[in-house]
Amino acid sequence: GAYKTVSPEDVRSALAGLEGEEYYYRVLNEMTFGDPDLGISFTVTVSTSGPGDWIYASHVTENAERVYLGSYSGVTYCVDPTGKVEKVYKTDDTIRRIEERGAYIYIQTNYGLYVLKDDEMVNHIEIGVGDLETFANWGFVVKRDSRLSLHKQDGALLGTVRFSQEPREVIPTAEGMIVYTSKYRAVLVVS
């Protein structure tokens, strides 16, 4: 369904032959309901697919040059505006988030963050139960409970800040970030 939204091309033909993976989609029954006098109609489709995969994350670049679709099986597809799959990235876990920022692609799984540049992995960050929190022009922030890890764009660690309370909001700035907890506001400068 997500692929059909971004491309008029048939899903089966676009994904056919990718790395020997098999995808199929079959309509079992389709019914249209509505009132022609009111100009209202809707279609209910009952279908099956398999063995296939589920899309768990997506990202559209700023000018919609590329769409990324991340799957349950750990595969991320990069789709061009015509609907063709340009690249396939494989990880070992379900994709939770995908971001393309400048020359870098960030693919977050349940436990790690892959940082790619020019289709090569330049860094892998184990984040466990953490989460990719926010991006800034100087890099990005990974949140793990009451700790914030600050990273350069290539994933290199700049430092870690521990708060007495879990940060509720992290706002990136050109120089660093503003962090709000339930009791205070902190302004951090990245150097």
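The sections below set out a description of the structure shown in this document. Just so you know, the residues in each chain are numbered from 1, in the order the chain's sequence is written. Two thresholds apply to this predicted model, a pLDDT of at least 70 for residue-level local features and 80 or more for giving and counting side-chain atom pairs, whereas whole-chain, interface and lining totals are computed over all residues. Side-chain calculation: all heavy atoms of the structure are included, whereas hydrogens and water are not.

Describing the sheet that holds strand β14 (residues 157–162)
How we decide: A pair of strands is treated as paired once DSSP finds two or more bridges between them. Strands are runs of DSSP state E lasting at least two residues, helices are runs of H or I lasting at least four, and both sets are numbered from the N terminus onward. Angles run from 0 to 180 degrees between N-to-C directions of axes, and those axes are lines fitted to C-alpha atoms, restricted for helices to the stretch in contact.
One open sheet accounts for four strands, arranged β11-β12-β13-β14; its pairing is antiparallel. Every interior strand has two partners, whereas the edge strands, β11 (131–136) and β14, have only one. On average, each strand axis in the sheet is tilted by 20° relative to the strand beside it, whichever way the strands run. As defined by bridge partners, strand β13 (residues 147–152) adjoins β14 across five bridges and the pair is classed as antiparallel. Paired with Leu148 across the strands is Val161, a residue of β14.

Observations regarding the side chain of His151
Applied cut-off: Relative accessibility under 20% of the residue-type maximum defines a buried residue, over 50% an exposed one, and the middle range a partly exposed one, all with a 1.4 Å probe and only protein chains included. Nitrogen and oxygen atoms within 3.5 Å of one another constitute a polar contact, given that in protein one can donate a hydrogen and the other can accept it, and given that sequence-neighbouring residues count only through two side-chain atoms. Contacts are assigned to residue pairs with any non-hydrogen atoms lying within 4.5 Å of each other.
One can find His151 in strand β13. Since its relative accessible area comes to 4%, His151 is described here as buried. Of the polar contacts made by the side chain of His151, one reaches the backbone oxygen of Gly155; its length is 2.9 Å. Contacts of His151, omitting those with residues within four sequence positions, involve Ile125, Trp138, Gly139, Phe140, Val142, Ala156, Leu157 and Leu158.

Overview of the packing of aromatic side chains
This is how it is decided: When the centres of two rings from Phe, Tyr and Trp lie within 6.5 Å, Trp using its six-membered ring, the rings pair. Their planes under 30 degrees apart give stacked, over 60 give edge-to-face, and anything left gives tilted.
One pass over the structure, following the stated rule, counts five aromatic pairs. Ring plane angle 65° and centroid distance 5.3 Å describe the contact between Tyr106 and Phe140, whose orientation is recorded as edge-to-face. With Tyr106 in strand β8 (residues 104–109) and Phe140 in strand β12 (residues 139–144), the pair connects residues that are 34 residues apart, well separated along the chain. Counting every residue linked through ring pairs, the aromatic cluster contains Tyr104, Tyr106, Phe135 and Phe140.

A word on the sheet that holds strand β16 (residues 176–180)
Spatially, β15-β16-β17 is the arrangement adopted by the three strands of the open sheet, whose pairing is antiparallel. Each end of this open sheet is capped by a strand with a single partner; those strands are β15 (169–172) and β17 (185–189). Shown here is a sheet whose adjacent strand axes are inclined to one another by a mean of 20°, direction ignored. Sheet analysis places β15 next to β16, joined by four bridges and oriented antiparallel. The residue of β16 that forms the bridge with Val170 is Val179.

As for the environment of Val60
By the secondary structure assignment, Val60 is in strand β3 (residues 55–60). Each C-alpha atom of the pair Val60 and Val79 lies 9.5 Å from the other, and the pair is 19 residues apart in sequence. Other than its neighbours up to four places away in sequence, Val60 contacts Arg66 and Val67.

The analysis is restricted to geometry; functional conclusions fall outside its scope.
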